[in-house]
Amino acid sequence: MVDALGVAVVGFGWMGRAHTRAYARVRHHYPLLPLRPELVAVAEEVPGRAEQAAAQFGFASVTRDWREIAADPRVGAVSVTAPNFLHREIGVAMAEAGKHLWIEKPVGLTAGDARAVADAVAASGVRSAVGFNYRNAPAVEAARDLIASGAIGTVTHARIRLFSDYAAHPEAALTWRFERERGGSGVLGDLASHGADLAWFLLGDIASLTADTAVFVPERARPAAATAGHSRAPGGPPGPVQNEDYVSCLLRFASGARGVLEACRVSVGEQNTYGFEVHGTRGAVFWDFRRMNELGVSRGTAYQDQPVSRVYAGPGHGEFGAFQPGAANAMGYDDLKVIEAYRFLRSVAEGTAHGTTLTDAVRTAAVLDAMVRSARDGTWVSVDPVA
């Protein structure tokens, strides 16, 4: 018996589309999932966009007011893919309305915002998931298992990088992403949040850090109308960029390992250059998102001049087997969101957490807040532990 679950999407930009495609595909890859998501409603304030979503994907109803979804008895689960500054209000309201919640990171603008949503989820008893999709890559899960097994010895140091050029063009529109009040800490919430989640996922708690930030493009043009994605606004009136283009951070892990986390949204020549290198006393492991299904692995007893082998993700690594039958068959970004949808819906069906939760969002937000304090004060800052 497969039960239907009415789902809704709040915010229908690129990420709203990614969530919707994941709901549509999830039972193709997980036919034994005891829930069947049904696209009940979509909310989007940009005129015409919700109607386009319904025409393309088959949502049963549309609205410009997300509050109608909170009150809709047909809706059992909600994806929140609206801009960051709306996450707290919408997330709390949906949880209080008894809706299971799949919400994109960074879940608000501060750790306080993330905790408010987490508290609402805990009080209501609904299940949750957060959009830290890169940890869902089968190769990343294989790297975590490799590190935990001791195959590379005791971890000594790591480097995590997230470089992109999506805001590199000087004519990029001054959207909400560049405002402190609506976009929070800029590249910290956008990209470094993924880095902080990967750091914890692979290596455990971060005990303290010191960070430096910079704004490299101080002014941008104000758009004349609603924007989608990373639009340009050539010739528009200029306005100040209020949040960070770049962050570099030194990390001290509770284990004693050291780390470097670096993220930038204005890196000319870099397109989704995301990845990590983790070094141990007997080896190392390397991952690059642009070669998502591969790992570089060095292990053995040679130490000096020890070679690096290429390992392809395959069945037995994370959720790879739900998508491809053999190693080196490619998976892509949208597949990571399907895995996220599966783990979210499985959590709803079983009443037990699978995959990311609001606890992960709070943990990551605490790291981002510590980065902001450190960059402001020029000091090492302790990171608040999250149980």
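Structure: above.
None of these values were measured; they are calculated from a predicted model.

Quick look at the pattern of salt bridges
All told, the structure shown has 27 salt bridges when counted by the stated rule. Among the salt bridges present, the one from Asp65 reaches Arg67, with a minimum N-O distance of 3.2 Å. The partly exposed category is assigned to Asp65, whose relative accessible area is 29%. A salt bridge links Glu104 to Lys337; the shortest N-O distance between them is 2.8 Å. Residue Glu104 is located in the loop between strand E5 (100–103) and helix H5 (111–124), and its partner Lys337 is located in helix H9 (residues 333–350); the two are separated by 233 residues in the primary sequence. Both residues of the pair, Glu104 and Lys337, belong to the buried class. A cluster of three or more residues bridged by salt bridges with shared partners is formed by Arg159, Arg161, Glu277, Asp288 and Arg290.

Points about empty space enclosed by the protein
The final tally for this structure, using the stated rule, is three cavities of 30 Å³ or more. Around the largest cavity, the lining comprises 14 residues; the ones closest to its centre are Gly108, Leu109, Thr110, Ser185 and Leu368. For the lining of the largest cavity, the leading source of residues is helix H10 (residues 358–377), giving four residues. When the residues that make up the lining of the largest cavity are grouped by side-chain class, the tally is six nonpolar, seven polar and one charged. In this model, the second largest cavity occupies a volume close to 70 Å³. Contributing to the lining of the second largest cavity are Asn84, Tyr166, Trp176, Arg177, Gly183, Gly186, Asp190 and Arg265.

The rules we used
- Residues numbered from 1 in each chain as written.
- Predicted model: local features only at pLDDT ≥ 70, side-chain atom pairs only at ≥ 80, totals over all residues.
- Heavy atoms only, no water.
- Salt bridge = Lys/Arg side-chain N within 4 Å of Asp/Glu carboxyl O.
- Buried < 20%, exposed > 50% of the residue type's maximum accessible area, 1.4 Å probe, protein only.
- Helix = DSSP H or I, 4+ residues; strand = E, 2+ residues; numbered from the N terminus.
- 1 Å grid on protein atoms, 1.4 Å probe; cavity = no way out; pocket = protein on both sides within 12 Å on 5 of 7 lines; lining within 4 Å.
- Points joined across faces, edges and corners; volume = space filled by probe spheres on them.
- Nonpolar A, V, L, I, M, F, W, Y, C, P; charged D, E, K, R; others polar.

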